[in-house]
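Spelled out, the chains give:
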Amino acid sequence: MKRILFKAIIFFVVLLAGIAAGGYLALIKDIPKIEEIKGYIPANGTKVYADDDSLVGEFKIEKGIFVPIRKIPENLIRAVVAVEDSRFWQHKGVDYIAIVRAVLKDILARRIKEGASTITQQLAKVIFLSPEKTAVRKIKEAALAFRLEKNLTKEEILELYLNKVYFGHGAYGIEMAARTYFGKSVSDISLAEAAVLTALIKAPSKFSPYSDLDKAKERQFVVLKRMVEEKYITGEEAERAYKQPLNLSSMRYELYSQNYFLEYIRKYLEDEYGVEKIYKGGLKVYTTLNRKMQAAALTALQNGLRDVDKRQGYRGPLGHKDVNLKDELKEQKPFGKVVMRPGEIMTATVLAVSDLNAVVKARGFTGRIFLQDAAWAKKVVDPSGRLLKDHKNFRISNVLSSGDIIRVKVKDMIGSEPVFTLEQDPLVQGAVVVMEPSTGYIKALIGGYDFGKSEFNRAVFAKRQAGSAFKPIIYAAAMDHGYTPASTIIDEPISYSTEQFGEWRPENYDRKFRGPTRLREALAYSRNIVTIKLLEKLGVERVIKFAGSLGIPGPLPYNLSLALGSLSVTPLELTSAFCVFAQGGTKMNPIAIKYIVDPDGSVLESNQPRGVRVTDPQTAFLATSMLEDVVKYGTGKRAKELQRTVAGKTGTTNDYKDAWFIGYSPDLAAGVWVGFDNMRSLGNRETGAKAALPIWINFMRQAPGGVDAGEKSFPVPEGVVTAVIDPLTGLLATNETEKMVEFFKEGTVPRAYSTKAQRDSVRKMKAEFGETEAPEEEAD
């Protein structure tokens, strides 16, 4: 009997062992073989370079920027080991002592308070296994940890770990984290910065210095304390590091300023070469992108859109939390936690509010918002723009309360106390396109306010009505068919009978009429009636054909509404068309990629500037000359502040749904569009001159060369002559008339002189229309 019982026990033990072994083998069958791990080198994706051959982006399967462990500072390695796995150099993948310690602490705390995963186990989870918290995943994690420890050195494990762990704000790996938070390579990181980066591993969003500086500093202190306990640094070194103000990178967003341009490149490459080659082919793509122009365009657009959005009204705080003013002020340390720069935008908490100012706390600093820096918020609206309240006698207490979570911008630093302005992230969108007319090179491309919130590239794909920004194309077509800048058309009430809309009575922006008007003046002031009559005389088909030659694709509306810019066009298309005027009538194909090489150095693609003459230089110059006057005294007058030679045109569509300014200097062209994605109105009088032109001006001021580029004029081509005319009639001047110099194509100078009878007739007609002054500066 005993013998039978013994055999049964042996049988069940073997059976259970077999089941356990089989279960274990089944569990680990999906674990990667060590050959897949050892000697790990990320697959070579595609590297993208700017016009100065600096690396601006990569398309690859693995996220982050791989950096060998020899380039990682010793203090950072020690900080990670001290906090994440103090027995890393002793254990074999699983730390049993740490497990026992964690269990005891959990029992004492009566909750799961401490984990016991080693760096090796964390690496297994980060790279190869799913993140779910199950027993099966833990077994796989431990098994892979043993396999890693058996086949890799500790240094190799650390190298893999630090290149793969997530640090928040889109930063994968320690190199990208160093650049994101401190604007430098990991090899240049200080002890204080190393402690902050290490602190992020536990909970990137919770301990981000951009999100909550107090929590980031608390966690930094824990890291430094652990380094002292492990005898990696002295107490004095820890104290100095903790008190060192953090120089957080203002480059955090600039790192991603190229994203719209990169996405434009990526889509082209995938269509042309396929996904496999782009992400694993080791290609090098040399582009036309100018980093300084791209950064300047992003800054100008973001600032401009915030201004437009503020005029819409204040949509209220982001959230609310309970605050204790005494406790918040008590937490203020006697040393600066972070370096604050004027212009930086961040989240803040309102601590106290009076009628004239608000006390707010941001990144550990307590500062103030004064009445004048929040006055724009007197108009309170809902997210759709509907007015909820208009505080006529505005006080800050009307819109802010203690505990409100808001967005602020650093206006100034008075000693250690910042002065903030009230901000809000805009709902309105926009786009900027910058091109070099002589080559067609796309130097900058911004497709929206924030790529992280919306990847839709409005610069390339948003088809929006052009409004009056299309008018220069009509006037250029007129110059191509016998008209001159001095030709006159009567600005008067007109009406048309249409099948679709019945009686159509178009109007000028100011709803006034000016009688006989020279084309130069009509374009400068964007007169709708003159443009409609000019289009009617030229013929819609002729203008559509001319627009197509400039690169405006069809279909275009085959009716007189085309004079008001009823066509849909992208910012890239319209900016490219204006480049024809800047380039003397030659259309240059837009180019974003100069050349592409494979890993062997073979050139797969090379794009040289190629142009096609689509109109004569004389027509292009006359169009440019008239567009210069748009800036000198017309709707683009605000751009005169640049004090340099520029030409351009504003544009506004019905109900202020779109605002444009397309302009150029002799060397650079830039187009700006502003509008809502849902086609809602920008608001009353939000014209191209008011909403888009300031963005263009700010870009041109910041762009390389900027206002220091020198006074370079548009060259006058052969075949263009000048004549002195009477500005009232457009005919040749006499001693009895006012005088102005006008440009003409050879053979088109007026032969008749202005007579008194003609002048009297023009004056009488203008008087009948009540013209007493020039049209409004901001017509559109």
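Described in the following lines is the structure provided in the data block. What you see is a predicted model; the values in this text were computed from it and never measured. (Residues numbered from 1 in each chain as written. Predicted model: local features only at pLDDT ≥ 70, side-chain atom pairs only at ≥ 80, totals over all residues. Heavy atoms only, no water.)

### Describing the environment of V83
The line we're drawing: Counting from the N terminus, the helices are the DSSP runs of H or I reaching at least four residues and the strands are the DSSP runs of E reaching at least two. Every residue pair with non-hydrogen atoms within 4.5 Å of one another is taken to be in contact.
Checked against the element boundaries, V83 lands in helix α3 (residues 74-84). Each C-alpha atom of the pair V83 and T198 lies 7.9 Å from the other, and the pair is 115 residues apart in sequence. In this view, V83 contacts T198, R219, V223 and R226; residues no more than four positions away in its chain are not counted.

### Focus: the pattern of salt bridges
Any two side chains of opposite charge can pair, so long as their charged atoms come close to each other. In plain terms, the rule: Salt bridge criterion: a side-chain nitrogen from Lys or Arg within 4 Å of a carboxyl oxygen from Asp or Glu. Think of it in three bands: with a 1.4 Å probe and only protein chains considered, a residue is buried below 20% of the maximum accessible area for its type, exposed above 50%, and partly exposed in between.
Taken as a whole and judged by the stated rule, the model has 42 salt bridges. Ionic pairing is found between E74 and R78, a salt bridge with its closest N-O pair at 3.6 Å. Residue E74 and its partner R78 are both found in helix α3; the two are separated by four residues, about one turn of the helix. Its relative accessible area of 46% is what places E74 among the partly exposed residues. Its relative accessible area of 30% is what places R78 among the partly exposed residues. Put simply, E263 and K267 hold a salt bridge, and the shortest N to O gap is 3.9 Å.

### Describing the sheet that holds strand β24 (residues 647-652)
To keep it simple, the criterion reads: DSSP calls a pair of strands paired once it identifies at least 2 bridges connecting them. What counts as an axis is a line fitted to C-alpha atoms, over the stretch in contact for a helix, and the angles between N-to-C directions run from 0 to 180 degrees.
Pairing in this open sheet of five strands is antiparallel, and the strands run β13-β12-β26-β25-β24 from one edge to the other. Strands at the two margins of the open sheet, each flanked by one partner only, are β13 (441-446) and β24. Neighbour to neighbour, the strand axes of the sheet diverge by 10 degrees on average, direction disregarded. Where strand β12 (residues 429-436) lies against strand β26 (residues 669-675), seven bridges are found, and the strand directions are antiparallel.

### Some thoughts on the pairing of β13
Of all six residues making up β13, six are buried, and the element is well covered by its neighbours. Relative to β13, β12 is paired through five bridges, and the arrangement is antiparallel. Paired with V433 across the strands is L445, a residue of β13. A loop of four residues connects β12 with β13, the two strands running antiparallel in sequence, and G440 in this loop sits at a positive phi of about 85 degrees.

### Notes on the pairing of strand β22 (residues 603-606)
Here strand β21 (residues 593-597) pairs with β22 via three bridges, running antiparallel. When the sheet's bridge partners are listed, I596 is paired in β22 with E605. The turn joining β21 and β22, which pair antiparallel and follow one another in sequence, is formed by five residues; a positive phi near 90 degrees is taken by G601.

### As for the side chain of K443
Selection criterion: Nitrogen and oxygen atoms within 3.5 Å of one another constitute a polar contact, given that in protein one can donate a hydrogen and the other can accept it, and given that sequence-neighbouring residues count only through two side-chain atoms.
The residue K443 is located in strand β13 in this model. Within the structure, K443 has its side chain in polar contact with the side chain of D51 (distance 3.0 Å).

### Overview of the sheet that holds β21
If you walk across this open sheet you meet the five strands as β2-β1-β3-β21-β22, and the pairing is mixed. Only two strands of the sheet have a single partner each, and these edge strands are β2 (55-59) and β22. Between one strand axis and the next, the sheet turns through 15 degrees on average, direction left out of account. Against the sheet, helix α12 (residues 259-273) makes contact with β1 (46-49), β2, β3 (284-287), β21 and β22, and its axis sits at roughly 45 degrees relative to β2, the strand it touches most.

### Description of the environment of E263
Among the secondary structure elements, E263 is positioned in helix α12. Counting along the chain gives 188 residues from E263 to F451, while the straight-line C-alpha distance between them is 9.8 Å. One polar contact links E263 to R266, side chain to side chain, over a distance of 2.4 Å.

### Details of the packing of aromatic side chains
How two aromatic rings sit relative to each other is set out by the distance from centre to centre and by the angle between their planes. Convention followed: Any two of the Phe, Tyr and Trp rings considered here, Trp counted by its six-membered ring, make a pair once their centres fall within 6.5 Å; the pair's planes then place it as stacked at under 30 degrees, edge-to-face at over 60, or tilted in between. Ring-over charges, as used throughout, are those where CZ of Arg or NZ of Lys falls within 6 Å of the ring centre and within 35 degrees of the ring normal.
The final tally for this structure, using the stated rule, is 14 aromatic pairs. If you follow R219 out to its NZ or CZ, it ends over the ring of F207, 5.6 Å from the centre. Over the ring of F676 we find R680, and its NZ or CZ is 4.0 Å from the ring centre.

### Section: the nonpolar core
Going by this rule: Here the nonpolar core consists of buried residues drawn from Ala, Val, Leu, Ile, Met, Phe, Trp, Tyr and Cys, with membership extended through side-chain atoms lying within 4.5 Å.
In this structure, F470, I473, I474, Y475, I552, L574 and Y664 are the most contacted members of the largest nonpolar core, which totals 80 residues. Considering every element that reaches this core, the biggest residue donor is helix α21 (residues 571-582), with eight residues. Apart from the residues lying within four places of it in its own chain, the contact partners of Y664 are F578, F581, A582, T624, L627, T645, V646, A647, A669, W696 and F714. In this structure, V80, A124, A171 and A178 belong to the second largest nonpolar core, which totals 38 residues.

### Considering the side chain of D658
Note on placement: D658 falls in strand β25 (residues 658-664). Side chain to side chain, D658 and R464 meet in a polar contact 2.7 Å long. Not counting residues within four places of it along the chain, the set of residues in contact with D658 comprises R464, Q465, G651, T652, T653, W673, V674 and L682.

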